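Architecture at a glance
Chain by chain, the residues run as shown.
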Amino acid sequence: MVHTYLQLFAVGENRVARKITERSFSYQVVGNATFSVDTFFFISGVLIVVLYFRSAKNEPSNEKHTTHLFNSTACSNIFLSILYRFIRLTPAYLFVIIFNELALKWTYGRSVFTPGIIDHITCNKYWWRNILYINNWYSFSEMCMIWSWYLANDMQFYVVAIIILTVSSRYMKTSAFILGLLMVCSWAISIFLSIHFNYTYKVAEPFESFDVLYDKPWQRITPYIIGMLTGYILHFKKTPPKVPMLINILLWACSLLILFVLVFGVWDGVLSVPMTALYVSLGHTAWGVALIWITLSCCWGYATPINNILSYQAIFPLSRLSYCAYLLHPVVMMATSFQMEAPMHLQHVIVVTMFFGNAVLSFILAYFVSLIFEAPVVKLLKLAFRR
């Protein structure tokens, strides 16, 4: 939805209405939708811990007990885990990079607008950074597929997490200390950079800090760490604790209150430099903290109605396509919006209608890309990495 608003803002004629809209209370859901990315980092952190210990449980006993932490088997497992993920993600990713470059060249040759994206230039020069998952370390002006910053962060966090999980198999306290140290370093670096550049958070400009904070791992890693800690709880707490209903309600209320404050707490539109430093450093951590009890209560059976909705089987097919839809949807939005012959008059109902159109078309295209590139790779990997 936030991408759809940005898409139509680029071709809208009533710019004054945009400024009024951005200061409304309801628009904060869109303007601060960037926090939703932290939910995906949190989920990734949970899953990597749960799946790691599930697979470690099935290892032969002679591979579990070793005299050295990083022996040949451990190093091999780390390498194979990273290789598996690289092969799993990259074919579809590489196809979309090529498709995006060609689509943008075609759009530039036919559009009456001047798209603000230059992927037909940057992807031609810097596509290799995306394939190595290091594109988030470079400036906005040199990025191919700007939205792929998330994928680079997630891959980097995955590498760090695999190493820490290997350490935790023998030194649990050491791994916990490393996670805590990474979180403190994330806070410190984010605060320092925010103050150093005199950054003031603005709802109307959510990507203003893109080159120093927004897409950088030092700001984004904390929800991933919080997710890993939640995964540890789920793994080691085999029997759900008995939680009184009042405590359950209070924990849910606290979680929802944190989410509400983070999304609507900048209603005035702008924060001061000190408040911005706290908001950009601790805000992402707070979002992850708010998701802890939401996750645990669903897994432990204390939020059955909500868990039934989140686990509804009809969503499974869409979840299979979510990766390809994520890669493709900005390409779809760019190609459709810049094919119009004149600017459009923006209204919320038009934006919402376009949003549903973008979603449906993105998932339809994602089905074919997944069928051609993703599904065969996943099947081959399951055969090659059967153990």
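Residues numbered from 1 in each chain as written. Predicted model: local features only at pLDDT ≥ 70, side-chain atom pairs only at ≥ 80, totals over all residues. Heavy atoms only, no water.

The chain has the name Acyltransferase 3 domain-containing protein in an unreviewed UniProt entry, where Aedes aegypti is given as its organism.

Moving on, we get to the overall build of the chain. Summing up its helical and strand segments, the chain has 16 helices and zero strands in all. The C-alpha radius of gyration computed for the chain amounts to 22 Å, which stays within 12% of the reference 21 Å derived for 387 residues, consistent with globular compactness. A buried classification covers 45% of the 387 residues belonging to the chain. Nonlocal contacts in the chain, meaning residues at least 24 apart in sequence, comprise 80% of its contacts between residues at least 6 apart. (Helix = DSSP H or I, 4+ residues; strand = E, 2+ residues; numbered from the N terminus. Rg over C-alpha atoms; globule rule 2.2 N^0.38 Å. Buried < 20%, exposed > 50% of the residue type's maximum accessible area, 1.4 Å probe, protein only. Contact = heavy atoms within 4.5 Å.)

Here Trp 127 lies in helix 7 (residues 119–131). For Trp 127, a relative accessible area of 40% translates into the label partly exposed. Residues Trp 127 and Cys 144, 17 residues apart in the sequence, show an inter-C-alpha distance of 6.4 Å. Apart from residues no more than four positions distant in its own chain, Trp 127 is found in contact with Ile 97 and Thr 122.

The next point concerns the packing of aromatic side chains. The description of two aromatic rings rests on the distance between their centres and on the angle between their planes. For the structure on display, the rule yields 29 aromatic pairs. Ring centres 4.5 Å apart and planes at 25° place the aromatic pair Phe 95 and Phe 373 in the stacked group. Within this pair, whereas Phe 95 is found in helix 6 (residues 72–108), its partner Phe 373 is found in helix 16 (residues 348–384), the two being separated by 278 residues in sequence. Judged by its relative accessible area of 26%, Phe 373 falls in the partly exposed class. Aromatic rings pair up to connect Phe 40, Phe 41, Phe 140, Trp 149, Tyr 150, Phe 157, Phe 210, Tyr 214, Tyr 224, Tyr 323 and Tyr 326 into one cluster. Just above the ring of Tyr 158 sits the side chain of Arg 85; from NZ or CZ to the centre is 4.7 Å. Positioned above the aromatic ring of Tyr 138 is the side chain of Arg 129, whose terminal nitrogen or guanidinium carbon lies 3.5 Å from the ring centre. (Phe/Tyr/Trp six-rings, centres within 6.5 Å; stacked < 30°, edge-to-face > 60°. Lys NZ or Arg CZ within 6 Å of the ring centre and 35° of its normal.)

The subject of this paragraph is the pattern of salt bridges. For the structure shown, the criterion picks out six salt bridges. Arg 220 serves as the salt-bridge partner of Asp 38, at 2.9 Å between the closest nitrogen and oxygen. Residue Asp 38 is located in helix 4 (residues 36–57), and its partner Arg 220 is located in helix 11 (residues 217–236); the two are separated by 182 residues in the primary sequence. By relative accessible area, Asp 38 is classed as buried at 0%. Lys 105 is paired through a salt bridge with Glu 101; the nearest N and O atoms lie 3.4 Å apart. Residue Lys 105 and its partner Glu 101 are located together in helix 6, separated by four residues, close to a single helical turn. (Salt bridge = Lys/Arg side-chain N within 4 Å of Asp/Glu carboxyl O.)

What follows concerns the environment of Ser 209. Along the chain, the position of Ser 209 falls in the loop between helix 9 (172–196) and helix 10 (210–214). The class of Ser 209 is buried, set by a relative accessible area of 6%. Spatially, the C-alpha atom of Ser 209 lies 30 Å from that of Ala 366, the residues being 157 residues apart in sequence. Residue contacts for Ser 209: discarding those within four places in its chain leaves Tyr 199 and Tyr 214.

This part covers the side chain of Ser 168. Mapped onto the secondary structure, Ser 168 falls in helix 8 (residues 149–168). With a relative accessible area of 4%, Ser 168 lands in the buried category. A distance of 2.7 Å separates the side chain of Ser 168 from the backbone oxygen of Leu 165, its partner in a polar contact. Once residues within four sequence positions are removed from consideration, Ser 168 is found in contact with Phe 53, Ser 175 and Tyr 232. (Polar contact = N/O pair within 3.5 Å; in protein donor to acceptor, adjacent residues only side chain to side chain.)

So, on to a nonpolar patch on the surface. On the surface, Leu 94, Ile 98, Leu 102, Trp 127, Trp 128 and Leu 132 cluster together to form a nonpolar patch covering roughly 580 Å² of accessible area. With three residues, the single largest contributor to the nonpolar patch is helix 6. In this structure, Leu 132 sits in the loop between helix 7 and helix 8. Judged by its relative accessible area of 52%, Leu 132 falls in the exposed class. (Patch = residues over 30% accessible without salt bridge, like charges linked within 9 Å, V, L, I, M, F, W, Y side chains within 5 Å. Areas by Shrake-Rupley, 256 points an atom, 1.4 Å probe, with all protein chains shown as cover.)

Take the nonpolar core next. Counting 94 residues, the largest nonpolar core has Ile 48, Met 145, Met 228, Tyr 323 and Leu 327 as the members making the most contacts within it. Excluding residues that lie within four positions of it along the chain, Met 145 makes contacts with Tyr 93, Val 96, Ile 97, Asn 100, Asp 119, Cys 123, Asn 130 and Leu 327. (Core = buried A, V, L, I, M, F, W, Y, C linked by side-chain atoms within 4.5 Å.)

Okay, the packing of helix 6 against helix 15 (residues 316–337) next. It is the contact of helix 6 with helix 15, at a shortest axis distance of 10 Å, that shows an interaxial angle of 0°. Overall, the two elements helix 6 and helix 15 adopt an arrangement that is roughly parallel. The segment helix 6 lies against helix 15, with Arg 88, Leu 89, Ala 92, Tyr 93, Val 96, Phe 99, Asn 100, Ala 103, Leu 104 and Thr 107 engaging Tyr 323, Cys 324, Leu 327, Leu 328, Val 331, Met 334 and Ala 335. By residue class, the composition of the contact of helix 6 with helix 15 is 14 nonpolar, two polar and one charged. (Axes fitted to C-alpha atoms, helices over the stretch in contact; angles between N-to-C directions. Parallel < 35°, antiparallel > 145°, perpendicular 65-115°, else oblique. Nonpolar A, V, L, I, M, F, W, Y, C, P; charged D, E, K, R; others polar.)

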